Number of protein chains: 2
Amino acid sequence: MPSSLSTTSYALLGLLVFDQETTDGGMTGYELKQRADNTLRFYWASPAMSQIYTELERLDRHGYVAATEVEDGKRTTRRFAITDAGRDALGEWLRTSASEFPQLKHPIALRLMLGSLMGRGEVRAMLDDYLDQLADRRRDLAAVRELLGDRNDVRFPAHVADWGLAYYDSEAEIVERLRKEID
Amino acid sequence: MPSSLSTTSYALLGLLVFDQETTDGGMTGYELKQRADNTLRFYWASPAMSQIYTELERLDRHGYVAATEVEDGKRTTRRFAITDAGRDALGEWLRTSASEFPQLKHPIALRLMLGSLMGRGEVRAMLDDYLDQLADRRRDLAAVRELLGDRNDVRFPAHVADWGLAYYDSEAEIVERLRKEID
DNA sequence: ACAGCCATGTAACTCGTTACATGATTAC
DNA sequence: GTAATCATGTAACGAGTTACATGGCTGT
């Protein structure tokens with residue numbers, strides 16, 4: 001019964017590792033989505049809500065998470081916590097499966113390839129617009145990095161955030177240089 | 001009938017723009033796949049052969065490419081060339097549709113986030129391995145860049161290749177720094 | 001009261017992949 | 001002759017999205 005999970009599935013399971021087990025055990029699907037928006041989004045993908053619930057269901061079937069129904073006023077919410085089996089599976093995955101090379105889908109680069117079909121001004125506008133978006137992203141990630149501080153339990157997520165920040169900086173630099181070359 | 005095409009579809013159409021119209025008109029699906037492996041692969045994705053043929057079929061239905069059957073010894077191969085309508089559609093797409101922000105799927109960063117579940121040596125090995133892969137990639141892309149030279153018709157693809165090379169260099173630098181910090 | 005957030009799910013669909021099938025041509 | 005490459009397609013499947021549907025809770 002390997003019945004391997006997708007990388008996204010392991011990624012979500014991984015987010016549950018950093019759950020600081022509050023009074024109730026675990027996180028809701030909604031909370032997990034928020035965490036994904038704050039972390040996974042920057043170097044993987046933040047799955048749609050519907051997929052979060054689907055994956056949690058799947059992880060539950062594998063016994064990698066434990067669900068508890070919590071009475072919350074009039075409604076009942078489900079909270080999910082990673083199990084020991086889940087932690088084992090995650091460690092096994094990290095240790096035995098090969099790391100794929102990163103996959104980049106870069107619409108700006110793609111369009112730049114076709115720069116000869118655009119006017120000079122259009123190319124410049126596209127790159128400027130990209131620089132703006134890049135700055136927005138960087139701000140978002142910097143805010144997340146701030147939250148992590150230097151707490152030891154999130155030392156690795158902090159490393160990843162630093163990586164992301166350095167990447168955004170380098171990307172902005174490259175695009176600015178490119179912009180000048182094209183003029 | 002807008003019946004918008006996917007970005008991948010436009011990307012393939014874009015590759016046909018650089019077809020230096022030889023004796024026969026256009027490229028075979030097989031040749032297009034090779035070109036995608038040399039270009040698209042680095043900043044988008046190189047579709048599977050089966051998808052190439054599917055997309056060419058679709059582009060043909062839209063009138064964006066023209067197919068010609070060519071007798072090639074005992075077999076008949078189909079060659080595809082971009083049409084004027086195709087060039088128009090591509091320009092329209094470049095001018096009117098918004099550019100999405102790049103999407104990065106980075107398994108190494110994802111795994112690094114879970115570094116606390118791995119041994120120090122395992123993390124280091126993972127990063128070293130990534131640096132090797134990165135160097136391989138860079139070599140491949142540098143070879144492609146070489147081919148482009150300074151020909152004016154491929155000025156923009158060359159810009160994109162330069163962008164990629166700078167990205168790989170920056171990424172290697174960041175990972176090396178990270179490696180030291182983790183030790 | 002009304003908006004905005006919290007919370008959970010199902011159904012239909014798209015995009016793209018792998019597996020399967022087939023066969024000609026070319027280089028050793 | 002036989003392996004690698006050229007060449008073309010179909011079928012089944014998987015991963016993930018958007019649209020749809022529902023309803024409670026919270027702040028103003």
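Everything that follows concerns the structure shown earlier in this document.
Residues numbered from 1 in each chain as written. Chains lettered and ligands numbered in written order. Predicted model: local features only at pLDDT ≥ 70, side-chain atom pairs only at ≥ 80, totals over all residues. Heavy atoms only, no water.

Peer 1: Can you help me understand the interface of chain B and chain A in this one?
Peer 2: Often the size quoted for an interface is simply the accessible area lost on bringing the parts together. Tallying the contact residues gives 59 residues for chain B and 59 residues for chain A. Note on chain B versus chain A: buried area summed over both sides is about 6400 Å², and carbon and sulfur give 71% of it. Counting the surface chain B buries against chain A, the share from its top three residues, Phe101, Arg111 and Trp163 of chain B, is 14%. Here Glu122 of chain A and Arg95 of chain B are joined by a salt bridge, their closest N and O atoms 3.4 Å apart. Connecting chain B to chain A are 17 residue pairs in polar contact (both at pLDDT 80 or more). (Contact = heavy atoms within 4.5 Å. Buried area = accessible area lost by both parts, 1.4 Å probe. Salt bridge = Lys/Arg side-chain N within 4 Å of Asp/Glu carboxyl O. Polar contact = N/O pair within 3.5 Å; in protein donor to acceptor, adjacent residues only side chain to side chain.)

Peer 1: Quick question: what am I supposed to make of the side chain of Thr8 of chain A here?
Peer 2: Residues and elements named next belong to chain A. Relative to the elements of secondary structure, Thr8 occurs in helix α1 (residues 7-17). Classification of Thr8 as buried rests on a relative accessible area of 12%. Side chain to side chain, Thr8 and Trp44 meet in a polar contact 3.1 Å long. Excluding residues that lie within four positions of it along the chain, Thr8 makes contacts with Trp44, Pro47 and Gln51. (Helix = DSSP H or I, 4+ residues; strand = E, 2+ residues; numbered from the N terminus. Buried < 20%, exposed > 50% of the residue type's maximum accessible area, 1.4 Å probe, protein only.)

Peer 1: It is not clear to me how the relation of the copies chain B and chain A should be interpreted in this structure. Could you clarify?
Peer 2: Taken together, a rotation about one axis and a shift along it account for how the two chain copies relate. Between chain B and chain A, the superposition needs a rotation of 180° and an axial shift of 0.0 Å, giving an RMSD of 0.0 Å. The two molecules are tied by a two-fold rotation axis, judged by turn and shift. The C-alpha atom lying nearest the rotation axis in chain B is that of Leu104 of chain B; the distance is 2.3 Å. The fraction of interface residues of chain B whose copies in chain A are also interface residues reaches 100%, indicating that both copies meet through the same surface. (Least-squares fit on C-alpha atoms with pLDDT ≥ 70 in both.)

Peer 1: Sorry if this is basic, but what is going on with the protein's contact with DNA strand D here?
Peer 2: The local shell around DNA strand D holds 21 residues, among which Thr8, Gln51 and Lys74 of chain A together with Tyr30 and Tyr53 of chain B are the closest. One of the side-chain N or O atoms of Arg75 of chain A is found 3.1 Å from a base nitrogen in DNA strand D. Between a phosphate oxygen of DNA strand D and a main-chain N or O atom of Gly29 of chain B, the distance comes to 3.1 Å. Counting residues per element, the ones that place at least two in the surface near DNA strand D are α4 (49-62) of chain A together with α2 (29-38), α3 (49-62) and β2 (75-82) of chain B. Considering only residue class, the surface near DNA strand D consists of four nonpolar, eleven polar and six charged. (Near = heavy atom within 4 Å. Nonpolar A, V, L, I, M, F, W, Y, C, P; charged D, E, K, R; others polar.)

Peer 1: Looking at this structure, I do not really get empty space enclosed by the protein. What am I missing?
Peer 2: One way to see where empty space is left: roll a probe the size of a water molecule over the atoms. Under the defined criterion, the tally for this structure stands at one cavity of 30 Å³ or more. By volume, the largest cavity amounts to about 220 Å³. Residue lining of the largest cavity: 20 residues in total, with Phe42, Tyr43, Val160, Ala161 and Gly164 of chain A positioned closest to the centre. Elements supplying a minimum of two residues to the lining of the largest cavity: α3 (40-43), α7 (120-148) and α8 (155-182) of chain A together with α5 (107-113) and α7 (155-182) of chain B. (1 Å grid on protein atoms, 1.4 Å probe; cavity = no way out; pocket = protein on both sides within 12 Å on 5 of 7 lines; lining within 4 Å. Points joined across faces, edges and corners; volume = space filled by probe spheres on them.)

Peer 1: It is not clear to me how the protein's contact with DNA strand C should be interpreted in this structure. Could you clarify?
Peer 2: Residues in contact with DNA strand C amount to 21 residues; listed here are only the nearest, Tyr30 and Tyr53 of chain A together with Thr8, Gln51 and Lys74 of chain B. If you look at DNA strand C and keep only atoms within 4 Å of the protein, 73% of those are sugar or phosphate atoms. Taking Arg75 of chain A, its side chain carries an N or O atom lying 3.0 Å from a base oxygen of DNA strand C. Every element with two or more residues in the surface near DNA strand C is listed here: α2 (29-38), α4 and β2 (75-82) of chain A together with α3 of chain B. Partitioned by chemical class, the residues of the surface near DNA strand C number four nonpolar, eleven polar and six charged.

Peer 1: What is the right way to look at the pairing of β2 of chain A in this model?
Peer 2: Within a regular beta strand, the side chains point alternately toward one face of the sheet and then the other, so they alternate between its two faces. Where strand β1 (residues 65-72) of chain A lies against β2 of chain A, eight bridges are found, and the strand directions are antiparallel. Its bridge partner being in β2 of chain A, Ala66 of chain A is matched across the sheet by Ala81 of chain A. (Pairing = 2+ DSSP bridges.)

Peer 1: I keep staring at the layout of surface pockets and nothing clicks. Help me out?
Peer 2: Residue and element names in this part refer to chain A. In this structure, the second largest pocket encloses a volume near 410 Å³. Among the secondary structure elements, those contributing two or more residues to the lining of the second largest pocket are α1, α2 and α7. In the lining of the second largest pocket, the residues fall into nine nonpolar, four polar and four charged.

Peer 1: When you look at the packing of aromatic side chains in this model, what are you seeing that I'm missing?
Peer 2: Centre-to-centre distance and the angle between the planes together describe a pair of aromatic rings. Applying the stated criterion to the full structure yields eleven aromatic pairs over all chains. Considering the side-chain rings of Phe101 of chain A and Tyr168 of chain B, the 6.4 Å spacing of their centres and the 70° angle between planes classify their relative orientation as edge-to-face. Residue Phe101 of chain A is located in the loop between α5 (84-96) and β3 (103-105), and its partner Tyr168 of chain B is located in helix α7; the two belong to separate chains. Each member of the pair, Phe101 of chain A as well as Tyr168 of chain B, is classed as buried. Taking the centre distance of 4.7 Å and the plane angle of 10° together, the rings of Tyr10 of chain B and Trp93 of chain B count as stacked. Separated by 83 residues along the polypeptide, Tyr10 of chain B in helix α1 (residues 7-17) and Trp93 of chain B in helix α4 (residues 84-96) bring together distant segments of the chain. (Phe/Tyr/Trp six-rings, centres within 6.5 Å; stacked < 30°, edge-to-face > 60°.)

Peer 1: Mind showing me how you'd approach the environment of Ser116 of chain A here?
Peer 2: As for its position among the elements, Ser116 of chain A is in the loop between α6 (107-113) and α7. Taking the C-alpha atoms as reference points, Ser116 of chain A and Ser97 of chain A, 19 residues apart in sequence, are found 43 Å from one another.

Peer 1: Honestly, the pattern of salt bridges in this entry has me stumped. Any pointers?
Peer 2: Proximity of charged atoms lets side chains of opposite charge pair with each other. All names here are of chain B. One pass over the full model with this rule turns up 30 salt bridges over all chains. For Asp128, the salt bridge identified is with Arg179, shortest N-O distance 2.8 Å. Of this pair, Asp128 sits in helix α6 (residues 120-148) while Arg179 sits in helix α7, placing them 51 residues apart in sequence. Residue class for Asp128 comes out partly exposed when judged on its relative accessible area of 28%. Of the charged contacts in the structure, one is a salt bridge between Asp183 and Arg179, with a shortest N-O distance of 3.8 Å. A relative accessible area of 47% places Asp183 in the partly exposed class. What makes Arg179 partly exposed here is its relative accessible area of 25%.

Function-wise, these values are silent; they only describe arrangement.
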